[in-house]
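# Topology and contacts: notes
Spelled out, the chains give:
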Amino acid sequence: MKPRIVQRILEGIRDSKSVCVVGHVRPDGDCIGSQLGLTLALEAAGKEVVCWNQDPVPDKLRFLDPRRLVRAPEPGCEFDCVIATDCASLERMGTVAEHIGRRKLFINIDHHASNTRYGDLDWVSPRQASTGELIYQLIKAAKWPLNRRIADCLFTAVSTDTGSFQYASTQPSTFQIASHLVEQGADLARVCHEVYQSYPLSRMRLLKCVYNKFRLTHSNRTAYFWLKKGDYLRTGAKPADSEGLIDHIRAIDEVVVACVFEEMEPELTRVSLRSKSDEVDVNAVAGLFGGGGHRAAAGARVPGRPLAVQRRVLAAVREALKNFRSE
Ligand SMILES: [Mn+2]
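Cut-offs and rules
- Residues numbered from 1 in each chain as written.
- Predicted model: local features only at pLDDT ≥ 70, side-chain atom pairs only at ≥ 80, totals over all residues.
- Heavy atoms only, no water.
- Salt bridge = Lys/Arg side-chain N within 4 Å of Asp/Glu carboxyl O.
- Helix = DSSP H or I, 4+ residues; strand = E, 2+ residues; numbered from the N terminus.
- Buried < 20%, exposed > 50% of the residue type's maximum accessible area, 1.4 Å probe, protein only.
- Contact = heavy atoms within 4.5 Å.
- Axes fitted to C-alpha atoms, helices over the stretch in contact; angles between N-to-C directions.
- Parallel < 35°, antiparallel > 145°, perpendicular 65-115°, else oblique.
- Left-handed = near helix turned anticlockwise from the far one by under 90°.
- Nonpolar A, V, L, I, M, F, W, Y, C, P; charged D, E, K, R; others polar.
- Donors = N, O, S within 2.8 Å, 3.2 Å for Na, K, Ca; no water.
- Pairing = 2+ DSSP bridges.

Turning to the pattern of salt bridges, a few remarks are in order. Throughout the structure, instances matching the rule amount to 15 salt bridges. Taking the shortest distance from any N to any O, the salt bridge between K104 and D80 comes out at 2.8 Å. Pair noted here: K104 is in strand 5 (residues 103-110) and D80 is in strand 4 (residues 79-85), with a separation of 24 residues, a long-range link. A residue is classified by how much of its surface remains accessible, and D80, at 17% relative accessible area, is buried. Between E267 and R305 there is a salt bridge, with its nearest N and O atoms 3.9 Å apart.

Take a look at the structure:
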């Protein structure tokens, strides 16, 4: 059984020759895996496809893109169809949004509850743990062939957005899809090695400074740390190396909410939030600052002086923690 929206998306794709697949800034495994998996599937279905992201593929996901299909956007292009994957809003696309105006159809495929439904066709399914699962369902519904390269991309998407099948968002269907992907030839050992077992030394230096600097507040229910520009300079780490560092403080027993403040500009802070409790919705907290995401993982970019930003965000977290009842 195909949901109506999937049928309409497939009709739109069928009527398109040129397609542009786009994703969000600072792409993660779900974004890159979904973008590339869909791009490869569309290519195999005979479409002219380009795959755009404002930012380059993070080093640890490069193995998914040996042909370097993911490129920076170019001006002056025209498309029959643009498909956004894992992108909660137009703003999340960054500069890509400026170059996709000339299109006939705009399709939005995503699993963020905060999605602003900016497409002509919006398939937003917050129940799914990853956008990769939606792309898998689309490929299956279309009966496009699913080769091992596509399987690698989609497995990476599912695996990374579920924290290796650990987050509460993981459903029985998540395992079923992952199982099909392994059947289709997804190289589990390769994916897990590249994604989880090979970090640059610079990231470990950054982690060292996280362990030195993290703070606890709200009776140890909130843990947070700052990443300043100087931390990157000193350690030689890249912004992509900060991915997942938050899990190290999230993992502290007493902690319910983990928070990372990252200096983007002197008066612009990127805030990442994680919640370990169903009762504490960090998507709502991020929403107060113009951001969004999921109940358990969300973020925002907040203007203002760093310490003022920290004070406001931690105050909002404290409010959200009032819903938390420890047993
Ligand atoms: Mn995602």
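Another point: the side chain of S125. With respect to the helices and strands, the residue S125 is situated in the loop between strand 6 (121-124) and helix 3 (131-142). Take S125: its relative accessible area is 14%, and that puts it in the buried class. Among all residues touching S125, those that are not within four sequence positions of it are D110, H111 and L134.

This part is about the packing of helix 2 (residues 29-44) against helix 3. The interhelical angle for the contact between helix 2 and helix 3, taken along N-to-C directions, is 15°, at an axis separation of 8 Å. If you check the angle between helix 2 and helix 3, you find them roughly parallel. Where helix 2 crosses over helix 3, the handedness of that crossing is left-handed. Touching D30, S34, G37, L38 and A41 of helix 2 are T131, G132, I135, L138 and I139, all from helix 3. Looking at side-chain class alone, the contact of helix 2 with helix 3 contains 5 nonpolar, 4 polar and 1 charged residues.

What follows covers unusual backbone geometry. Phi is positive for F165, which is not a glycine, with a value near 65°. Mapped onto the fold, F165 is located in the loop between helix 4 (148-161) and helix 5 (172-183). Even without being a glycine, S219 presents a positive backbone phi close to 50°. With respect to the helices, strands and loops of the structure, S219 is situated in the loop between strand 7 (215-217) and strand 8 (222-227). The class for S219 is exposed, based on a relative accessible area of 68%.

Here we take up the coordination of the manganese ion. Looking at the metal site, the manganese ion is ligated by D30 (OD), D86 (OD), H111 (NE2) and D161 (OD), spaced 2.1 to 2.3 Å from it. Going along the chain, you hit the donors of the manganese ion in the pattern D-x55-D-x24-H-x49-D. One end of the pair, H111, is in the loop between strand 5 and strand 6; the other, D161, is in helix 4, and 50 residues separate them in sequence. You can call H111 buried: its relative accessible area is 1%.

Before going further, it helps to spend a moment on the sheet that holds strand 12 (residues 297-303). Whether parallel or antiparallel, the strands of a sheet pair through hydrogen bonds between backbone atoms. Ordered in space as 7-8-9-10-12-11, the 6 strands form an open sheet in which the pairing is mixed. Edge strands, defined here as strands with exactly one partner in the open sheet, are strand 7 and strand 11 (292-293). Note: strand 8 against strand 9 (residues 257-265), 6 bridges, orientation parallel. Paired with T222 across the two strands is V257, which belongs to strand 9.

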